[in-house]
Amino acid sequence: FEKPLDIDLTPWQLRCFELVRRAGQNGIYSDDLLEALYQDDPDGGPLTGRKAVKSGIKHMNSRLRPAGWEISAARGGNHTKREYVLRKYVARQST
């Protein structure tokens, strides 16, 4: 996987980043991301996979945002699945 800019990511974060980046603006559904992240794990990944991915992305965003990127989540087209997309990060201004 290609390392994004000069951001210090763990191997898991780097793999996740690349999967979301490669999905482009269409995004990647959480189930598909989970399957791709843990397909080589002999145990099949964590029991609470969706929570692990959500938590992992939250921690990864704390490293991506200073470089101007974030992985955001939204409801997918059928409104039942979560979809992850890589976006430019714009800090919110406090009012």
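Before any of the text, the structure's been laid out above.
Being a predicted model, the structure only gives us computed values, none of them experimental. (Residues numbered from 1 in each chain as written. Predicted model: local features only at pLDDT ≥ 70, side-chain atom pairs only at ≥ 80, totals over all residues. Heavy atoms only, no water.)

**Quick notes on the overall build of the chain**
When its secondary structure is counted, the chain shows three helices and three strands. Its helices and strands taken in sequence order, the chain reads α-β-α-α-β-β from the N to the C terminus. Taking all 95 residues of the chain together, the buried fraction comes to 35%. Summarising the internal contacts of the chain: among those between residues at least 6 apart in sequence, 46% fall at separations of at least 24. Working note: accessible area of the chain is about 6500 Å², and carbon and sulfur atoms make up 48% of it. (Helix = DSSP H or I, 4+ residues; strand = E, 2+ residues; numbered from the N terminus. Buried < 20%, exposed > 50% of the residue type's maximum accessible area, 1.4 Å probe, protein only. Contact = heavy atoms within 4.5 Å. Areas by Shrake-Rupley, 256 points an atom, 1.4 Å probe, with all protein chains shown as cover.)

**Quick look at the packing of helix 2 (residues 30–38) against helix 3 (residues 49–64)**
Orientation of helix 2 relative to helix 3, taken along the N-to-C sense of each, is 90 degrees, at an axis distance of 10 Å. Classified by the angle their axes make, helix 2 and helix 3 are roughly perpendicular. For the pair helix 2 and helix 3, the contacting residues are Ser30, Asp31, Leu33, Leu34, Leu37 and Tyr38 in the first and Gly49, Arg50, Ala52, Val53 and Ile57 in the second. In terms of residue class, the contact of helix 2 with helix 3 is built from seven nonpolar, two polar and two charged. (Axes fitted to C-alpha atoms, helices over the stretch in contact; angles between N-to-C directions. Parallel < 35°, antiparallel > 145°, perpendicular 65-115°, else oblique. Nonpolar A, V, L, I, M, F, W, Y, C, P; charged D, E, K, R; others polar.)

**Structural notes on the sheet that holds strand 1 (residues 28–29)**
Sheet architecture is open: three strands sit in the order 1-3-2, paired in antiparallel fashion. With partners counted over all chains shown, the strands left at the sheet margins are strand 1 and strand 2 (69–75), one partner each. Relative to strand 3 (residues 82–88), strand 2 runs antiparallel, the two being bridged by seven bridges. Paired with alanine 73 across the two strands is tyrosine 84, which belongs to strand 3. The strands touched by helix 1 (residues 11–23) within the sheet are strand 1, strand 2 and strand 3, with strand 3 carrying the most contacts at an inclination of about 85 degrees. (Pairing = 2+ DSSP bridges.)

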